[in-house]
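Descriptive structure summary
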Amino acid sequence: MHALMMSVPTWSKGKGENNSTERCQYRPLLQAIERGDVEGVKKWLNDAGHEVATLLQANPAPLNHAVFNNHEEIVCLLLEKDALGSSSLGKQPIKAVGRRFQHHPLRAAVEYGHLESVRALLRHGAAIEADLLGTACATGRVDIAELLVSAGADVDARSEAGGRTPLMLAAAAGNVAAVSFLLKNKASVNVGHDEPMGTALSIAERSGHSEVAALLEPYRLPMLVDILADIDAGGVEGGTAEGSGALKKWLSCGGEASHRFVARMEDGRVRMPLIVYAAMQGNEAAVRSLIDAQALVDATMLGEPLESPSDGHTALMRAAMGGFHTICEMLIAAGADASLRASSGQTALVLAESRAPSSPSHAHCADALRTANSQLSEQRARRSDDIDEGPTEP
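As the structure is a prediction and not an experimental result, all values here were calculated from the model.

A few points about the packing of helix 5 (residues 61–68) against helix 6 (residues 72–80)
One can describe the packing of helix 5 onto helix 6 by two numbers: an axis separation of 8 Å at closest approach and a directional angle of 155 degrees. Classified by the interaxial angle, the pair formed by helix 5 and helix 6 is roughly antiparallel. Taken as a pair, helix 5 and helix 6 cross one another with a handedness that is left-handed. The segment helix 5 lies against helix 6, with Pro62, Leu63, Ala66 and Val67 engaging Ile74, Val75, Leu78 and Leu79.

Side note on helix 15 (residues 224–232)
Note that an α-helix has 3.6 residues per turn; residues three or four places apart therefore point the same way. Of all the residues in helix 15, the buried ones are Ile227, Leu228, Asp230 and Ile231. End-on, the buried residues of helix 15 take up no more than an arc of 155 degrees, which puts them together on one face. Turning to helix 15, the residues buried within the fold contact helix 16 (246–252), strand 1 (260–265), helix 17 (274–280) and helix 18 (284–292).

Some details on the nonpolar core
Ranked by size, the top nonpolar core spans 63 residues in total, and within it Val41, Trp44, Leu78, Leu133, Leu148 and Leu216 carry the most contacts. Looking at this core element by element, the count peaks at 6 residues for helix 6. With residues up to four places along the chain from it excluded, the contact list for Val41 reads Leu29, Ala32, Ile33, Ile74, Leu77 and Leu78. Ranked by size, the runner-up nonpolar core spans 50 residues in total, among them Ile231, Val297, Phe324 and Ala348.

As for unusual backbone geometry
For Asn70, which is not glycine, the phi torsion reads 60 degrees and is therefore positive. In this model, Lys186 sits at a positive phi of 65 degrees, which is unusual for a non-glycine residue. Tracing the backbone through its elements, the reader meets Lys186 in the loop between helix 12 (176–184) and helix 13 (200–207). Under the relative-accessibility criterion, Lys186 is labelled exposed at 70%.

Considerations on the sheet that holds strand 2 (residues 268–273)
Strand order across the open sheet formed by 3 strands is 1-2-3, with antiparallel pairing between neighbours. Of all strands in the sheet, those bounded by a partner on one side alone are strand 1 and strand 3 (302–303). The sheet contact formed by strand 1 and strand 2 spans 6 bridges and is antiparallel. Residue pairing across strands places Arg260 opposite Pro273, the latter belonging to strand 2.

Conventions and cut-offs
- Residues numbered from 1 in each chain as written.
- Predicted model: local features only at pLDDT ≥ 70, side-chain atom pairs only at ≥ 80, totals over all residues.
- Heavy atoms only, no water.
- Axes fitted to C-alpha atoms, helices over the stretch in contact; angles between N-to-C directions.
- Helix = DSSP H or I, 4+ residues; strand = E, 2+ residues; numbered from the N terminus.
- Parallel < 35°, antiparallel > 145°, perpendicular 65-115°, else oblique.
- Left-handed = near helix turned anticlockwise from the far one by under 90°.
- Contact = heavy atoms within 4.5 Å.
- Buried < 20%, exposed > 50% of the residue type's maximum accessible area, 1.4 Å probe, protein only.
- Arc of directions from axis to C-beta.
- Core = buried A, V, L, I, M, F, W, Y, C linked by side-chain atoms within 4.5 Å.
- Pairing = 2+ DSSP bridges.

Note that every value here comes from positions in space, so none of it alone points to a role or purpose.
This is how it looks when you write it as structure tokens:
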């Protein structure tokens, strides 16, 4: 009997006599769970009567112990009696003699690899913590990962410790099946490309997992120098060349359309959005690709590390400075704000007008920007009128 009780979870609601009384109250249930005695569990639950949910929610040990021993039927019996409670689904701590279980039941079931308990807990609404899918993938339990994803787990959720995605964890562990499963479920391959830890591919390469690396290789992001050369290939306005296709691959493989890179300008170093660079180069195809990929059309240049005269310049401003009127019109149609001012106080219209007297293309830009400003003023006036008039009486 002593050996049996050493493997039965305990709890600590109180001290002294109250705790001793509670131990006696729950002991038959815990012993039945230890034996896998379904009928014994049913008897205890029936004897508890209408207080059964209160008793089970007051002490997580029975449910946790059922999960620990992977007794699916018993787990289901306890859950059907609302063992978790509607206000704390999946969040009860787990305690056991000689072990340090600080997890809620679903986490424990995932970490132990107890498929049946995972299935039962999910069926009864247990909450899915952000990094549970990563835990399943790191240990190669694709069957559990499938259950979690079917229940709504985020395939790109990042762990609290280290910020790694399930794909990164699977790659680090060299679990080919888990990596294949995540790719099939549209996991983002290039999360972390601009962070010290790197992407799942770089993690696999560093860890020496060549088979995983081979699976991820088609998703490798192109080098920045190739992307910029790709944009440069469009030349002046009207150019539609897309060079080596590096920009297209960047976007299709999950590279951020609003990515900023450090560039050296005549007036200092800046962090420049790709769309601003494409507008500067007059590459309509590149600008269109970035707009279609949901790039922030009003993203600005920022001095790096010090302030720069180019601070606050948007793609629209740079297109206006270059006299690229088609790109100006494209950006305006995509929602670019023509009223924004750079740190110097200049708007895109001012920048275009200052060059318009000697350049028809800049004059075209200025015309497009005046029209955009006029429309913006009309929209603001209508909104102001609507506010002044207030709600219409029925």
